[in-house]
Amino acid sequence: MQLKYFKETNYIKVTKDVREKVSAPLGKLYYPVEIDKLINELIDCRRHGLISSVGDRVTYTLIENNLIPDIAVIDGKEKRRKVDLVDLKKFNLVIFVENKPGYVNMALVNLIKRHLNDRPILLYVEGEEDLVGFPIVFACDVGSCMVYGQPNMGIVLINIDDKVKYMAASMLGLSGSS
């Protein structure tokens, strides 16, 4: 396992309206009893794309089900309490990054792209990891999948396609998709 530190930032402030939109499930919601179905969907996704996870509990759940995400994003917290769920040794590369609350660090897009050949990679976020889903959407090819936790409900699966990329760009006030 290799460790790196990435200090580059290029922040976009997320509006209150966007925060509200992303607080609702933006893909298919899988309840805890449906974890086997979700794992099978992700295995199918891996045939034509990458699997990304955002959140400590979600990443832990995938690993516990013998599925190491290609890109994982954690912050060492669950519901704002410090946790130590994810075994960092499961990843070839762990990169410590910054993403301040209420913002998206767009510098993470190129960082992720630059290290795709090192996967599985883990981004350990100082700040807020929730919004790092945006850089993942921009960095990953169409056909990839991203999962994130929906508090007190389950796990949301987003199939990354051109429509998702465009929606993410529009939410952040960017012109067109990446």
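This text follows the structure it describes.
Computed from a predicted model, the values in this text were never measured in an experiment. The residue numbers shown here count from 1 along each chain, following its written sequence. At least 70 in pLDDT is required for a residue's local features to be given in this predicted model, at least 80 for side-chain atom pairs to be given and counted, and no such filter applies to totals for whole chains, interfaces and linings, which use all residues. The basis for every side-chain value is the complete set of non-hydrogen atoms in the structure, without hydrogens or water.

Enquirer: How would you summarise a nonpolar patch on the surface if you had to cite specific residues and measurements?
Expert: A surface patch of nonpolar side chains, amounting to about 330 Å² of accessible area, comprises Tyr31, Val33 and Met153. Turning to its location among the elements, Tyr31 is positioned in the loop between strand S3 (28-30) and helix H2 (35-46). Under the relative-accessibility criterion, Tyr31 is labelled partly exposed at 42%. Exposure above 30% relative accessible area and the lack of any salt bridge qualify a residue for a patch; like charges then connect within 9 Å, and the nonpolar side chains Val, Leu, Ile, Met, Phe, Trp and Tyr within 5 Å. Every accessible area reported is derived by Shrake-Rupley at a probe size of 1.4 Å, with residue values counting cover from the shown protein chains alone. Throughout this description, the term salt bridge denotes a Lys or Arg side-chain nitrogen within 4 Å of a carboxyl oxygen of Asp or Glu. A helix here means a DSSP run of H or I that spans at least four residues, while a strand means a run of E at least two residues long, and both kinds are numbered starting from the N terminus. Each residue is assigned to one of three classes by its accessible area relative to the maximum for its type, calculated with a 1.4 Å probe on protein chains only: buried under 20%, partly exposed between the two thresholds, exposed over 50%.

Enquirer: Would you mind going over helix H3 (residues 56-64) in detail, with residue names and values included?
Expert: Taken together, the buried positions of H3 are Asp56, Val58, Thr59, Thr61, Leu62 and Ile63. Two residues qualify as a contact provided that any one of their heavy atoms is within 4.5 Å of a heavy atom in the partner residue. Looking at the packing, one finds that the buried side of H3 touches H2, strand S4 (51-54), strand S5 (71-74), strand S6 (77-78), strand S11 (145-150) and strand S12 (154-159). Phi turns positive one or two residues past the end of H3, at Asn66, with a value near 60°.

Enquirer: Any chance you could break down the state of the cysteines for me, citing the residues and the numbers?
Expert: Any two cysteine sulfur atoms within 2.5 Å of one another count as a disulfide. Using the criterion set out here, one finds one disulfide in the structure. Put simply, Cys45 and Cys145 are joined by a disulfide, and their sulfur atoms are 2.2 Å apart. On the sign convention where negative means left-handed, the S-S torsion of about 115° between Cys45 and Cys145 marks this disulfide as right-handed. On the criterion of sequence distance, the pair formed by Cys45 in helix H2 and Cys145 in strand S11 is long-range, its members being 100 residues apart. Given the relative accessible area of 1%, Cys45 is considered buried. Its sulfur unpaired, Cys140 is 9.2 Å from the next cysteine sulfur, which belongs to Cys45.

Enquirer: Explain the nonpolar core to me, and be specific about the residues and the numbers.
Expert: Only buried Ala, Val, Leu, Ile, Met, Phe, Trp, Tyr and Cys residues count toward a nonpolar core, and they belong to the same one when joined by side-chain atoms within 4.5 Å. Counting residues in hydrophobic clusters, the biggest one holds 42 residues, and the most contacted among them are Ile71, Val97, Leu123, Phe134, Ile136, Phe138 and Leu172. Of all hydrophobic cores here, the second largest spans 14 residues; its members include Tyr30, Leu42, Leu62 and Val147.

Enquirer: Which residues make up the side chain of Gln150, and what values go with them?
Expert: Counting through the fold element by element, Gln150 comes out in strand S11. Look at Gln150 and you get buried, because its relative accessible area is 9%. As used in this structure description, the phrase polar contact means that two N or O atoms lie within 3.5 Å; if the pair is within protein, one of them must be able to donate a hydrogen and the other to accept it, and residues adjacent in sequence are counted only when both atoms belong to side chains. Only 2.8 Å separates the side chain of Gln150 from the backbone oxygen of Ser23, close enough to count as a polar contact. Those residues in contact with Gln150 that sit more than four places away from it in its chain are Ser23, Ala24, Pro25, Leu29 and Val156.

Enquirer: Please give an account of the packing of aromatic side chains that cites residues and values.
Expert: For any pair of aromatic rings, geometry is given as the distance between the ring centres together with the angle between the planes. To pair, rings of Phe, Tyr and Trp, with the six-membered ring standing in for Trp, must have centres within 6.5 Å; the planes then decide the type, stacked if under 30 degrees apart, edge-to-face if over 60, and tilted in the middle. For the coordinates displayed, the defined rule picks out three aromatic pairs. Look at Tyr5 and Phe96: their rings are 5.0 Å apart centre to centre, the planes differ by 15°, and that puts the pair in the stacked class. With Tyr5 in strand S1 (residues 2-5) and Phe96 in strand S8 (residues 93-99), this pair connects stretches of sequence that are 91 residues apart. Phe96 sits in the partly exposed class, given a relative accessible area of 23%. Relative to Tyr124, the ring of Phe96 lies with its centre 5.5 Å away and its plane at 35°, an arrangement referred to as tilted. Of this pair, Phe96 sits in strand S8 while Tyr124 is found in strand S10 (residues 121-127), placing the two residues 28 residues apart along the sequence. The class for Tyr124 is partly exposed, based on a relative accessible area of 21%. Through successive ring pairs, a cluster of aromatic residues spans Tyr5, Phe96 and Tyr124. Ring-over charges, as used throughout, are those where CZ of Arg or NZ of Lys falls within 6 Å of the ring centre and within 35 degrees of the ring normal. Seen from the ring of Tyr30, Lys28 lies directly overhead, with NZ or CZ sitting 4.6 Å from the centre. The aromatic ring of Tyr103 is capped on one face by Lys100, whose charged end is 4.6 Å from the ring centroid.

Enquirer: Could you give an account of the pairing of S11, naming the residues involved and the relevant values?
Expert: Most of S11 sits inside the fold, with five of its six residues counted as buried. Paired strands, in this sense, are two strands between which DSSP finds at least two bridges. With four bridges joining them, S4 and S11 adopt parallel strand pairing. Bridging from a neighbouring strand, Val54 pairs with Tyr148 of S11. Connecting S11 to the next strand, S12, in antiparallel fashion are three residues, including Asn152 with a positive phi near 60°.

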